[in-house]
Amino acid sequence: MNDASYMEQELHSQPGTWQEAARIGAAVGSLPAAGQRVAVIGCGTSWFMAQSYAALREGAGLGVTDPFAASEAFLGGDRGYDAVVAITRSGTTTEVLRVLDAVKGRIPTVTIIGDPETPATALSDETIALPFADEKSVVQTRFATTALTLLRAHLGEDVSQAVADAREVLAAPLDKEWVDAEQFSFLGTGWTFGLANEAALKMREASQSWTESYPAMEYRHGPIAIAAPGRVTWLFGRAPEGLEADVVRTGARFVCHARDPLADLVLVQRVALERARARGLDPDNPRSLTRSVMLEAPAAS
Ligand code: F1P
């Protein structure tokens, strides 16, 4: 892998970073306790990981857990949040910093962060640093999945099957049909809806591909009109009854694997990388994107 892109190197390191995160997650004491009302915030990829965590935590009966894009977070007093969990690889994303600043002293915050030497650390009551999962590529792969693995382990999940499945996915040949397809719709239910959103974003960021994402049961409520030969409908997790037949009838390719859904996201990362290569794009420096979005402070009046 001499001339491998950072994205390639980073996405291939995931089984190892997941194992490390699982160790930390199982022991960490700063994440919200069972029963607490929690808001989870992030931007871009980190927002989608927030969606997955929220569905897992609330689904496990551990308390109300609401995910927000940091720019659209409603954390007012009458919502009664006991804790805010922020997810940010860079620690410099303006919208995340604004939320941390706004709730300081009012709601306890814990930030899962890739680079702890950044402003988010001073603005957070607690941090969980994952510098071993930080990345050089603009397009995030391992930080996001490693943060989510930490959270899954903290919720009591055994992630060893996910690690094993990721290893398998990284060694498997890629289906050429996925590299050539005209369009992808990604679907999920519960925690895998966040993964579907992230898969669609990854393909857009790395390879400028046309992608969409929906809760699986929403797909028949209109978006299935896009499904056609040469296009792919990719479902994370279990397929709702009858969905596969409905998609197959359109001529689109239906993809749904039995493996751990987070490992299936690794497969999509690989497809995104191959599509970037096939189009002569540099996935480490995607068009119009920066490592994080840093907005200027409004001028003082
Ligand atoms: C979040 C993020 C990335 C996105 C883009 C801009 O960054 O939105 O997900 O790919 O590069 O930044 P962070 O807050 O996790 O550092």
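The preceding data block contains the structure.
Reading the values: the criteria
Residues numbered from 1 in each chain as written. Predicted model: local features only at pLDDT ≥ 70, side-chain atom pairs only at ≥ 80, totals over all residues. Heavy atoms only, no water. 1 Å grid on protein atoms, 1.4 Å probe; cavity = no way out; pocket = protein on both sides within 12 Å on 5 of 7 lines; lining within 4 Å. Points joined across faces, edges and corners; volume = space filled by probe spheres on them. Helix = DSSP H or I, 4+ residues; strand = E, 2+ residues; numbered from the N terminus. Nonpolar A, V, L, I, M, F, W, Y, C, P; charged D, E, K, R; others polar. Domains from an automatic or database assignment. Near = heavy atom within 4 Å. Polar contact = N/O pair within 3.5 Å; in protein donor to acceptor, adjacent residues only side chain to side chain. Areas by Shrake-Rupley, 256 points an atom, 1.4 Å probe, with all protein chains shown as cover. Sits in = over half its atoms within 2 Å of the grid points. Buried < 20%, exposed > 50% of the residue type's maximum accessible area, 1.4 Å probe, protein only. Pairing = 2+ DSSP bridges. Right-handed = clockwise from strand over helix to strand, strands pointing away.

Student: Would you explain the layout of surface pockets in this entry?
Tutor: Here the idea is plain: a probe the size of a water molecule rolls over the atoms and shows the empty space left. Of the voids in this model, the largest pocket is the one considered here, and its volume is about 360 Å³. For the largest pocket, the lining is made up of 22 residues, of which C43, G44, E205, R291 and V293 are closest to its centre. Among the secondary structure elements, those contributing two or more residues to the lining of the largest pocket are α3 (45-59), β3 (83-88), α4 (94-103) and α9 (192-207). Considering each element in turn, the lining of the largest pocket owes the most residues, three residues, to α9. Its residues assigned to classes, the lining of the largest pocket comprises seven nonpolar, 10 polar and five charged. When residues of the lining of the largest pocket are assigned to domains, at least three map to each of domain 1 (6-154) and domain 2 (160-278).

Student: Mind showing me how you'd approach the site of the ligand here?
Tutor: Contacts to the ligand come from 14 residues, most closely from S46, T88, S90, T93 and E205. One nitrogen or oxygen atom from the side chain of T88 is found 2.7 Å from an oxygen atom belonging to the ligand. At 2.6 Å, a side-chain N or O of S90 approaches an oxygen atom of the ligand. Compared with its free state, where it exposes 390 Å², the ligand has 95% of that area covered by protein. Under a 2 Å grid-point criterion requiring more than half of the atoms, the pocket assigned to the ligand is the largest pocket. By residue class, the composition of the shell around the ligand is two nonpolar, nine polar and three charged.

Student: Looking at this model, I keep getting lost on unusual backbone geometry. Mind explaining?
Tutor: Most peptide bonds are trans, and most residues other than glycine sit at a negative phi. Despite not being glycine, Q208 has its phi angle at roughly 55 degrees, a positive value. By secondary structure assignment, the location of Q208 is in the loop between α9 and β7 (211-215).

Student: Would you mind going over the pairing of strand β6 (residues 183-188) with me for this structure?
Tutor: Along any regular strand the residues' side chains alternate between the sheet's two faces. With respect to burial, β6 is a largely interior element, six of its six residues being buried. Side chains Q183, S185 and L187 of β6 all project onto a buried face; the interleaved residues F184, F186 and G188 project onto the opposite face, where all are buried too. As paired strands, β6 and strand β8 (residues 231-236) are joined by six bridges and run parallel to one another. In the strand pairing of β8, L187 is matched with L235. Where β6 lies against β7, five bridges are found, and the strand directions are parallel. The partner of L187 across the bridge, within β7, is Y214. At this point the chain moves from β6, through α9, to the parallel β7, and the crossover so formed is right-handed.

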